[in-house]
Amino acid sequence: MTTTGIQDQIKPDTLVKVGYDKEGKEVPRFVIGYWSIRGLGSPLRAMLSAAASRQRVPHWVALYDVKEETSNEDQNGHDWWKQSYITDKAILKQHNPLMNAPFLIDVENQAVIAQSNAIFTYLGRALGMMGSNPMEESTCEQLLCEIMDLRDVVVKYAYNGGKDSKTALEAAQKTLKGVKRYLYKLELHMEKVATSSSHLVGTKVSAPDFHLWEMLYQLNGVEQHFFLPKDGADSTTSKLWEGVPRLQQYFKEFENLPDNKHFFSTSFCHKHLPCNNPYALFGSCPTKQTYERGQDAPWRGHGVKVETIELLPTETNNKRKASDDAA
């Protein structure tokens, strides 16, 4: 008799199955769910992808579309349709009354976890990405809180920035100036605490790495759009990286770590999703600043997609391969 797990009850608009089987038939260890944007989902997806490069962690990524209201089914008069998420949220609330996006399904334990930092720490402990001792674990927790504060500034800008070119430029300038207080603190952490130019904590990737990289990516995108040359030429006029050279080096090096190759090079979620939902004033379309109602949205409604990931060479993986070859 087959028992249906929580993961089998949800029906997102797109389900990306990441694993080692080209047909996507593996039972996932985790399911991470969020809107079909980068947002809070991107660093959690990247975290799972990096873990899956070093240990067998097949996982699913559930994406929920936000699209124009085109029917009379929404009795609340909402302009944006989120029915797939609303339906699945009702199912998942039966397992966790605190259910919200993003959410994590621990398939092995048939549990639902909500709230971003709770998911970061839960996954961090499960995947060995919360430091190597109690002090490093505490540092990871502090960094996650600090980066969430940084994120709040960026999100406020993205959804409430200027609606015309003049006010949008002013809002971008204000935001890039406003985030400096957080970047300076993180720069000092890299100088005084970090022992590697590509890791915030210890000598291996940890949960806060993924969230910080995503926020630096988005801030870099704001500056590139408004303030740097459009011809692709190198510029020495960057204000974002002024006074934070260690963070700039970290941003470049972390992306190129072998653990991150799958996510940053080939993942649908990294390469094709917008940063923010379609009603945001910045980053709501992958190819331009702002989404326009009714435009094509090729990142929506993909059904089931399968992405295969390679295990990187490690002592454990080499032993497993030798055993498989001998068999």
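Described in the following lines is the structure provided in the data block.

Reading guide: rules and limits
- Residues numbered from 1 in each chain as written.
- Predicted model: local features only at pLDDT ≥ 70, side-chain atom pairs only at ≥ 80, totals over all residues.
- Heavy atoms only, no water.
- Salt bridge = Lys/Arg side-chain N within 4 Å of Asp/Glu carboxyl O.
- Helix = DSSP H or I, 4+ residues; strand = E, 2+ residues; numbered from the N terminus.
- Buried < 20%, exposed > 50% of the residue type's maximum accessible area, 1.4 Å probe, protein only.
- Core = buried A, V, L, I, M, F, W, Y, C linked by side-chain atoms within 4.5 Å.
- Contact = heavy atoms within 4.5 Å.
- Pairing = 2+ DSSP bridges.
- Axes fitted to C-alpha atoms, helices over the stretch in contact; angles between N-to-C directions.
- Expected span 1.5 Å × (residues − 1).
- Arc of directions from axis to C-beta.
- Polar contact = N/O pair within 3.5 Å; in protein donor to acceptor, adjacent residues only side chain to side chain.
- Lys, Arg positive; Asp, Glu negative; His and termini not counted.
- Phe/Tyr/Trp six-rings, centres within 6.5 Å; stacked < 30°, edge-to-face > 60°.
- Lys NZ or Arg CZ within 6 Å of the ring centre and 35° of its normal.

Notes on the pattern of salt bridges
Part 1 of the argument: Enumeration over the complete set of coordinates arrives at 16 salt bridges.
Part 2 of the argument: In this structure, the salt-bridge partner of Arg29 is Glu108, at a minimum N-O distance of 3.5 Å. One end of the pair, Arg29, is in the loop between β1 (14–19) and β2 (30–35); the other, Glu108, is in the loop between β6 (103–106) and β7 (111–114), and 79 residues separate them in sequence.
Part 3 of the argument: Judged by its relative accessible area of 21%, Arg29 is partly exposed.
Part 4 of the argument: Across the pair Glu191 and Lys192 runs a salt bridge, and its minimum N-O distance is 3.9 Å.
Part 5 of the argument: For Glu191, a relative accessible area of 40% corresponds to the partly exposed category.
Part 6 of the argument: Residue class for Lys192 comes out exposed when judged on its relative accessible area of 60%.
Part 7 of the argument: One connected set of salt bridges, linked through shared partners, spans Glu187, Glu191, Lys192 and Arg246.

A few points about the nonpolar core
For soluble globular proteins, the rule of thumb is that nonpolar side chains tend to be buried together.
Part 1 of the argument: Core analysis: the largest hydrophobic core is formed by 93 residues, its most contacted members being Ile105, Leu123, Leu150 and Leu212.
Part 2 of the argument: Residue contributions to this core peak at nine residues, all from helix α7 (residues 207–226).
Part 3 of the argument: Sequence-distant contacts of Leu123, that is, excluding residues within four places in its chain, are made with Phe30, Leu44, Met47, Leu48 and Leu104.

Digging into the sheet that holds strand β3 (residues 59–64)
Part 1 of the argument: Taken in spatial order, the six strands of this open sheet run β7-β6-β2-β3-β1-β8, and their pairing is mixed. Where the open sheet ends on each side, the last strands, each with one partner, are β7 and β8 (303–308). Direction aside, neighbouring strands of the sheet carry axes that sit 20° apart on average.
Part 2 of the argument: Examined bridge by bridge, β2 and β3 share six bridges and lie parallel to one another. Counterpart to Ile32 in the pairing with β3 is Val61.
Part 3 of the argument: Packing of helix α1 (residues 41–54) onto the sheet brings it into contact with β2 and β3, and relative to β2 it is tilted by some 155°.
Part 4 of the argument: On top of the sheet, helix α2 (residues 83–92) reaches β2, β3, β6 and β7; it is set at about 130° to β3, its chief contact.

Digging into helix α5 (residues 165–178)
Part 1 of the argument: Between its first and last C-alpha, α5 extends 20 Å over 14 residues, near the 20 Å set by a 1.5 Å rise per residue.
Part 2 of the argument: All buried positions along α5 are accounted for by Ala168, Ala171, Ala172, Thr175 and Leu176. Down the axis of α5, the buried side of the element spans an arc of 130°, and every buried residue falls inside it. The outward face of α5, more than 90 degrees from its buried face, is lined by the exposed residues Lys166, Lys174 and Lys177.
Part 3 of the argument: The secondary structure elements touched by the buried residues of α5 are α4 (134–160), α6 (180–192) and α7.
Part 4 of the argument: Put simply, Asp164 is the residue that caps the front of α5, since its side-chain oxygen is 3.1 Å from the backbone nitrogen of Lys166.

A short note on the side chain of Asp13
Part 1 of the argument: Secondary-structure assignment places Asp13 in the segment before β1.
Part 2 of the argument: Put simply, Asp13 is tucked away with no salt bridge, and the nearest opposite charge, on Lys67, sits 4.2 Å away.
Part 3 of the argument: Within polar-contact distance, the side chain of Asp13 engages the side chain of Ser84 at 3.0 Å.
Part 4 of the argument: When residues no more than four places from it in sequence are discounted, the contact partners of Asp13 are Leu63, Tyr64, Asp65, Lys67, Ser84, Gly301, His302 and Gly303.

Some words on the environment of Trp241
Part 1 of the argument: Within the secondary structure, Trp241 sits in the loop between α7 and α8 (245–255).
Part 2 of the argument: Classification of Trp241 by relative accessible area gives buried; the value is 10%.
Part 3 of the argument: Measuring from C-alpha to C-alpha, the distance between Trp241 and Lys180 comes to 9.4 Å, with 61 residues separating the pair along the chain.
Part 4 of the argument: With near-sequence residues (within four places) excluded, Trp241 lies in contact with Lys180, Leu216, Asn220, Leu247, Gln248 and Phe251.
Part 5 of the argument: Of the polar contacts made by the side chain of Trp241, one reaches the side chain of Asn220; its length is 3.4 Å.

Describing the packing of aromatic side chains
Part 1 of the argument: Within the structure shown, the criterion is met by 17 aromatic pairs.
Part 2 of the argument: Taking the centre distance of 4.4 Å and the plane angle of 40° together, the rings of Trp213 and Phe264 count as tilted. Residue Trp213 is found in helix α7, and its partner Phe264 is found in helix α9 (residues 261–266); the two are separated by 51 residues along the sequence.
Part 3 of the argument: With relative accessibility at 10%, the residue Phe264 sits in the buried group.
Part 4 of the argument: The ring of Tyr20 has Arg56 lying over it, and the distance from NZ or CZ to the ring centre is 4.3 Å.
Part 5 of the argument: The ring of Trp35 carries the charged tip of Lys82 above its face, separated from the ring centre by 5.2 Å.

Taken by themselves, the reported measurements are silent on function.
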